[in-house]
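Here is what each chain is made of, one letter per residue.
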Amino acid sequence: MPGVFVSFEGVDGSGKTTQLELLAERLRAQGRDVVTTREPGGTALGQAVRSWVLEAQAEPLAPRAELALLFAARAQHLQQVIEPARARGAIVLCDRFTDATEAYQGAGRGLGAELVRELDRLICGGARPELTLILDLDPETALARAQTRLRRAASGENRFEAEGAAFLRRVAEAYRAIARREPERCALIAASGAIEAVRERVWRAAAARLGW
Ligand code: TYD
């Protein structure tokens, strides 16, 4: 079978990381070659960018510097991890990709979708997954979940959850707009309810769209 690239998206607290792992487990149990990775992260450069973006820094990142770093890391991630895995026939499951930049930097930080998409075209050639699973949760529930986690997080962390409700609402709305704009690529999945129920929704959406 040919390789395939799938991204998971959603606001903080939507449960996408849990669902990505459950899908990976299910596919591996079927004997499929599965590569899981994440953004920011996934390469040494990605990890360095992750700590610049998500850890408290003595020198706070300017929003445009943050944006440029995320795209630099993505170019590295595509060349070093995602493209080779897809080419050898693996199923690549990526925790966040370019849609996260459009949602968080474009809408959340207010840099605008145009700037994000332009950089995307210049730096990453507009690369997109075959399928993007967007876990959709109302921002209030997401915020409540995320804040529980925020309280547990180490003090050196600088999480987007801390940006508050209005920020997360802009992020959630941007994801819905992306899903409406690109219905062929994106599946919007209701992320409320039990983990097992969401797992079945994710499986049905992925299996139907990818012909598994
Ligand atoms: P996430 O990967 O969801 O981490 P965790 O599983 O630890 O919650 O969080 C990464 C954070 O980085 C998330 O708050 C969204 C943010 N982010 C951006 O702002 N822009 C991006 O392009 C990406 C990939 C992530």
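The rules we used
- Residues numbered from 1 in each chain as written.
- Predicted model: local features only at pLDDT ≥ 70, side-chain atom pairs only at ≥ 80, totals over all residues.
- Heavy atoms only, no water.
- Near = heavy atom within 4 Å.
- Polar contact = N/O pair within 3.5 Å; in protein donor to acceptor, adjacent residues only side chain to side chain.
- Areas by Shrake-Rupley, 256 points an atom, 1.4 Å probe, with all protein chains shown as cover.
- Helix = DSSP H or I, 4+ residues; strand = E, 2+ residues; numbered from the N terminus.
- Nonpolar A, V, L, I, M, F, W, Y, C, P; charged D, E, K, R; others polar.
- Expected span 1.5 Å × (residues − 1).
- Contact = heavy atoms within 4.5 Å.
- Buried < 20%, exposed > 50% of the residue type's maximum accessible area, 1.4 Å probe, protein only.

## Structural notes on the site of the ligand
In the vicinity of the ligand lie 17 residues, with Asp12, Lys16, Thr101, Gln105 and Arg159 positioned nearest. Separating an oxygen atom of the ligand from a side-chain N or O atom of Thr101 is a distance of 2.6 Å. When isolated, the ligand has an accessible area of 550 Å², and the protein chains bury 93% of it. Within the residue set of the shell around the ligand, elements represented by two or more residues are α1 (16-29), α2 (44-54), α3 (63-87) and α4 (98-108). Of all the elements, α4 adds the most residues to the shell around the ligand, at 4 residues. The residue makeup of the shell around the ligand, split by class, is 6 nonpolar, 3 polar and 8 charged.

## A closer look at helix α7 (residues 165-181)
Each α-helix turn comprises 3.6 residues. Residues three or four places apart therefore point the same way. An ideal rise of 1.5 Å per residue puts 24 Å on 17 residues; α7 measures up with 24 Å between its terminal C-alpha atoms. Looking at the packing, one finds that the buried side of α7 touches β1 (4-10), α4, β4 (131-136), α6 (139-152) and β5 (186-190).

## Here's the deal with the environment of Val4
When you line up the elements, Val4 lands in strand β1. Among the residues examined, Val4 registers a relative accessible area of 7% and is labelled buried. Residues Val4 and Val34, 30 residues apart in the sequence, show an inter-C-alpha distance of 9.6 Å. In contact with Val4, not counting residues within four places along its chain, are Arg86, Ala90, Ile91, Val92, Glu130, Leu210 and Trp212.

## Here we look at the environment of Asp99
Within the fold, Asp99 resides in helix α4. Expressed as a C-alpha distance, the spacing of Asp99 and Thr18, which sit 81 residues apart in the sequence, is 19 Å. Residue contacts for Asp99: discarding those within four places in its chain leaves Glu9, Arg128, Thr132, Tyr175, Ile178 and Arg185.

## Focus: unusual backbone geometry
Cis peptide bonds are those with omega within 30 degrees of zero, and the linkage from Glu39 to Pro40 qualifies with -15°. Relative to the elements of secondary structure, Pro40 occurs in the loop between β2 (34-38) and α2. Phi at Arg96 is positive, roughly 75°, even though this residue is not glycine. With respect to the helices and strands, the residue Arg96 is situated in the loop between β3 (91-95) and α4.

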